[in-house]
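# Examining the three-dimensional arrangement
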Amino acid sequence: MTDFELVKLALEAREMAYTPYSHHKVGAALLCKDGTVFKGCNVENAGYTPTNCAERTAVFKAVSEGYKEYEAIAVVGGMDNLKDLPLCAPCGVCRQVLNEFGDPDTFRIILAEVKNVDDLSNITQDDVKMTNKTLKEILPLGFGPKNLYIE
Ligand SMILES: [Zn+2]
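Bear in mind that the values here come from a model prediction, so they are computed numbers and not experimental data.

### Some thoughts on the UniProt feature "domain: CMP/dCMP-type deaminase" (unreviewed entry) in the chain
UniProt records the feature "domain: CMP/dCMP-type deaminase" (unreviewed entry) at residues 1-146, using the numbering of this structure. Across residues 1-146, helical content stands at 25% and strand content at 26%; the span's end C-alpha atoms are separated by 30 Å.

### Thoughts on the side chain of Thr 19
Its location among the elements puts Thr 19 in the loop between α1 (3-14) and β1 (24-32). Its relative accessible area of 5% is what places Thr 19 among the buried residues. Once residues within four sequence positions are removed from consideration, Thr 19 is found in contact with His 24, Lys 25, Asn 42 and Glu 44.

### Section: unusual backbone geometry
Positive phi is not limited to glycine here, since His 23 has a value of about 60 degrees. Looking at the element boundaries, His 23 is found in the loop between α1 and β1. By relative accessible area, His 23 is classed as partly exposed at 35%.

### A few points about the coordination of the zinc ion
Looking at the zinc ion, the protein donor atoms are Cys 53 (SG), Cys 91 (SG) and Cys 94 (SG), and they sit 2.3 Å from it. Written as a sequence motif, the donor arrangement for the zinc ion is C-x37-C-x2-C. In this pair, Cys 53 is assigned in the loop between β2 (37-41) and α2 (54-64) and Cys 91 in the loop between β3 (70-79) and α3 (92-101), connecting sequence segments 38 residues apart.

### Remarks on the packing of α2 against α3
The contact between α2 and α3 brings their axes to 9 Å, and the two run at 25 degrees. Judged by the angle between their axes, α2 and α3 are roughly parallel. Seen along the crossing, α2 lies across α3 with a hand that is left-handed. In this structure, α2 uses Glu 55, Arg 56, Val 59, Phe 60 and Val 63 to contact α3, whose residues at the interface are Val 93, Cys 94, Val 97, Leu 98 and Phe 101. A class-by-class count of the residues in the contact of α2 with α3 yields 8 nonpolar, no polar and 2 charged.

What counts and how
- Residues numbered from 1 in each chain as written.
- Predicted model: local features only at pLDDT ≥ 70, side-chain atom pairs only at ≥ 80, totals over all residues.
- Heavy atoms only, no water.
- UniProt positions renumbered as here; feature names shortened; annotations may be inferred.
- Helix = DSSP H or I, 4+ residues; strand = E, 2+ residues; numbered from the N terminus.
- Buried < 20%, exposed > 50% of the residue type's maximum accessible area, 1.4 Å probe, protein only.
- Contact = heavy atoms within 4.5 Å.
- Donors = N, O, S within 2.8 Å, 3.2 Å for Na, K, Ca; no water.
- Axes fitted to C-alpha atoms, helices over the stretch in contact; angles between N-to-C directions.
- Parallel < 35°, antiparallel > 145°, perpendicular 65-115°, else oblique.
- Left-handed = near helix turned anticlockwise from the far one by under 90°.
- Nonpolar A, V, L, I, M, F, W, Y, C, P; charged D, E, K, R; others polar.

Laid out in structure tokens, this is it:
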């Protein structure tokens, strides 16, 4: 699975986003250590607070299927009327959830700016600009499971 392939799966997931209020659609594709991929989209709610982000949807799907070891997650997002997506980084809550399961030093966060998302079937590598970060880079000094374990 290349990073580009993972981004394409995140773009597919974005198509499923339920965003009648914000119109900001996000897709994520979570790559597990064994190669399994879980896709997620954001799911909004009329009550606003119950809204769930794409990254957490992907993680919760994975955990509920028994997958807790991850290599990388690709994230794409932007307003639903855009032809070109800007970089869309995980929110603070999602960074915290990713920190529960991913090794901060090695878990890769792939953020993609994507052109021509109105024609996903013809997306090429030239349409995608990827920024790779580690979880530690986007959540420095994070609080995680290690804080609760006594060695
Ligand atoms: Zn989030």
